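One-letter residues, chain by chain:
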Amino acid sequence: MNERYFYLRNINFKFMGERNMKFQFSKWHGIGNDFIIVDGSKEQIEDYNKTAIEVCDRHFGIGADGLVMILPSEIADFKMRIFNSDGSEAEMCGNATRCIARYLYEQKLTTKTKISIETKAGLIRPELVFKNEQLETVKVDMGEPILTAEDIPVAGSGKDRVVHKKLSILDKSYQITCVSMGNPHCVIFVEDIDAVELEKIGPIIETHSMFPKKINVEFVEVKSKEHLRMRVWERGAGITLACGTGSCATIVAAVLNEKTGRSAKIELDGGDLFVEWSEDNHVYLSGPAEEVFRAEYVK
Ligand code: ZDP
């Protein structure tokens with residue numbers, strides 16, 4: 001937090017009155033998980049990591065959980081890169097993928113309703129689903145979950161799965177289940193989600209030495225076999241209103257812990273997402289994607 005503050009203060013001193021960056025962007029959200037989307041084939045940004053810190057800041061910048069660059073791809077229709085609000089790059093992003101699919105279609109950058117997008121975690125395929133010519137939802141084939149500890153990565157468990165394993169933090173112990181959806185997640189089922197001090201426990205688990213690439217942390221309360229309530233502490237972004245990859249990791253963890261069937265509604269602070277861990281081993285994520293405004297950033 002402090003580092004970010006000093007970084008921002010420096011930019012403000014350095015560039016006061018000076019304008020050296022200019023780009024068009026569009027602000028989107030997937031149930032309150034918000035992104036600045038930039039078409040990198042048209043707009044020039046020199047340093048994605050530093051720019052993400054600057055523009056995601058909710059007081060000194062535009063304000064968002066992440067900066068998403070859309071870039072040309074040689075193996076898919078488009079390539080996406082996602083930077084968290086702390087400037088770190090994530091491999092994958094479920095909610096942003098839905099936003100991008102709708103953005104590309106509405107901006108007429110593609111006529112396809114099913115798009116392939118290259119990410120650092122492989123190809124993912126969002127699909128715009130229409131009903132009576134109205135967009136009903138954006139459904140994403142998020143690919144297969146990764147459950148092998150060393151691939152998630154979780155240290156110290158080799159090729160085993162990390163399902164319902166004990167983790168002691170401060171004076172409490174938690175049962176954790178770890179899943180990678182391209183990016184790493186640690187899912188913890190609790191009796192009472194409102195009693196979880198997410199702001200306190202989230203960053204401790206995120207940066208625990210067990211997780212060499214840090215980790216996204218999801219606390220989940222089981223409401224029924226088809227309904228989970230989830231709150232998330234995101235790696236590199238802190239508390240956010242929703243997390244798409246986190247919802248996918250949650251359904252996988254719920255099945256592995258015999259809490260639900262293979263599909264469920266995930267109730268998040270910003271709204272609901274629908275997830276299914278299909279028999280073909282792919283996880284499907286559905287939910288809304290909304291544009292908020294378009295503007296030009298000038299600094
Ligand atoms: O893995 C990470 O560092 C996440 N913070 C990336 C963002 C994930 C996201 N919330 C999602 O919906 O998958 C955008």
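Residues numbered from 1 in each chain as written. Predicted model: local features only at pLDDT ≥ 70, side-chain atom pairs only at ≥ 80, totals over all residues. Heavy atoms only, no water.

J.: Sorry, what's going on with the nonpolar core here?
T.: Proteins that are soluble and globular tend to have nonpolar side chains buried together. Of all hydrophobic cores here, the largest spans 52 residues; its most connected members are Phe35, Ile37, Val68 and Ile100. With seven residues, helix 5 (residues 244-256) is the largest single contributor of residues to this core. Setting aside its immediate chain neighbours within four residues, Val68 contacts Phe35, Ile36, Ile37, Val38, Met80, Arg81, Ile82, Ala96 and Ile100. Ranked by size, the runner-up nonpolar core spans 23 residues in total, among them Val154, Ile169, Cys186 and Leu198. (Core = buried A, V, L, I, M, F, W, Y, C linked by side-chain atoms within 4.5 Å. Buried < 20%, exposed > 50% of the residue type's maximum accessible area, 1.4 Å probe, protein only. Helix = DSSP H or I, 4+ residues; strand = E, 2+ residues; numbered from the N terminus. Contact = heavy atoms within 4.5 Å.)

J.: Looking at this structure, how should I read the site of the ligand?
T.: The full set close to the ligand counts 15 residues, and Cys93, Gly94, Glu234, Gly244 and Thr245 are the nearest of them. Between the ligand and Asn84, the relevant distance is 2.9 Å, taken from an oxygen atom to a side-chain nitrogen or oxygen of the residue. The separation between an oxygen atom of the ligand and a polar main-chain atom of Asn95 is 3.0 Å. Compared with its free state, where it exposes 380 Å², the ligand has 99% of that area covered by protein. When residues of the shell around the ligand are traced back to their parent elements, those giving at least two are strand 2 (33-39), helix 3 (94-106) and helix 5. The class makeup of the residues in the shell around the ligand is five nonpolar, eight polar and two charged. (Near = heavy atom within 4 Å. Polar contact = N/O pair within 3.5 Å; in protein donor to acceptor, adjacent residues only side chain to side chain. Areas by Shrake-Rupley, 256 points an atom, 1.4 Å probe, with all protein chains shown as cover. Nonpolar A, V, L, I, M, F, W, Y, C, P; charged D, E, K, R; others polar.)

J.: Sorry if this is basic, but what is going on with the environment of Phe130 here?
T.: Note that Phe130 resides in strand 7 (residues 122-131). As a C-alpha pair, Phe130 and Thr113 span 17 residues in sequence and 9.2 Å in three-dimensional space. Leave out the neighbours within four places in its chain, and Phe130 touches Tyr105, Thr113, Leu135 and Glu136.

J.: Could you clarify how one ought to interpret the pattern of salt bridges in this entry?
T.: Should the charged atoms of two oppositely charged side chains come close, the side chains can pair. Evaluated as defined, the whole model comprises 20 salt bridges. Two residues, Glu150 and Lys159, come together in a salt bridge whose shortest N-O distance is 2.6 Å. Given a relative accessible area of 41%, Glu150 falls into the partly exposed group. Accessibility expressed as a relative area gives 64% for Lys159, which makes it exposed. We note a salt bridge from Lys265 to Asp272, for which the minimum N-O separation is 3.8 Å. By relative accessible area, Lys265 is classed as partly exposed at 26%. Put simply, Lys27, Asp34, Arg58 and Asp65 are held in one network by salt bridges that share partners. (Salt bridge = Lys/Arg side-chain N within 4 Å of Asp/Glu carboxyl O.)

J.: Explanation requested: the domain arrangement of the protein chain in the structure shown.
T.: The extent of an interface is frequently quoted as the accessible surface area lost upon association of the parts. Looking at the protein chain, the domain boundaries give domain 1 (22-140 + 289-298) and domain 2 (149-281). Summarising the inter-unit geometry, the C-alpha centres of domain 1 and domain 2 are found 24 Å apart. Facing 17 residues of domain 1, the contacting portion of domain 2 comprises 20 residues. The largest per-residue losses of area from domain 1 upon contact with domain 2 belong to Ile31, Glu91 and Met92, which jointly make up 42% of the total buried on that side. Along the contact surface separating domain 1 from domain 2 lie one salt bridge. Across the pair Arg235 and Glu91 runs a salt bridge whose closest N-O atoms are separated by 2.7 Å. Remark: the boundary between domain 1 and domain 2 carries four residue pairs in polar contact (both at pLDDT 80 or more). With three residues, the top contributor of residues to the side of domain 1 that touches domain 2 is helix 3. Taken together, the residues of the side of domain 1 that touches domain 2 break down into five nonpolar, eight polar and four charged. (Domains from an automatic or database assignment. Buried area = accessible area lost by both parts, 1.4 Å probe.)

J.: What's the story with the environment of Glu234 in this structure? I'm lost.
T.: With respect to the element layout, Glu234 can be found in strand 13 (residues 227-234). In the structure, Glu234 is positioned 39 residues away from Ala195 in sequence and 18 Å away in space, judged by C-alpha atoms. Setting aside residues no more than four positions away along its own chain, Glu234 makes contact with Asn33, Glu206, Asn216, Thr240, Ala242 and Cys243. Among the polar contacts made by the side chain of Glu234, one reaches the side chain of Thr240 at a distance of 2.7 Å.

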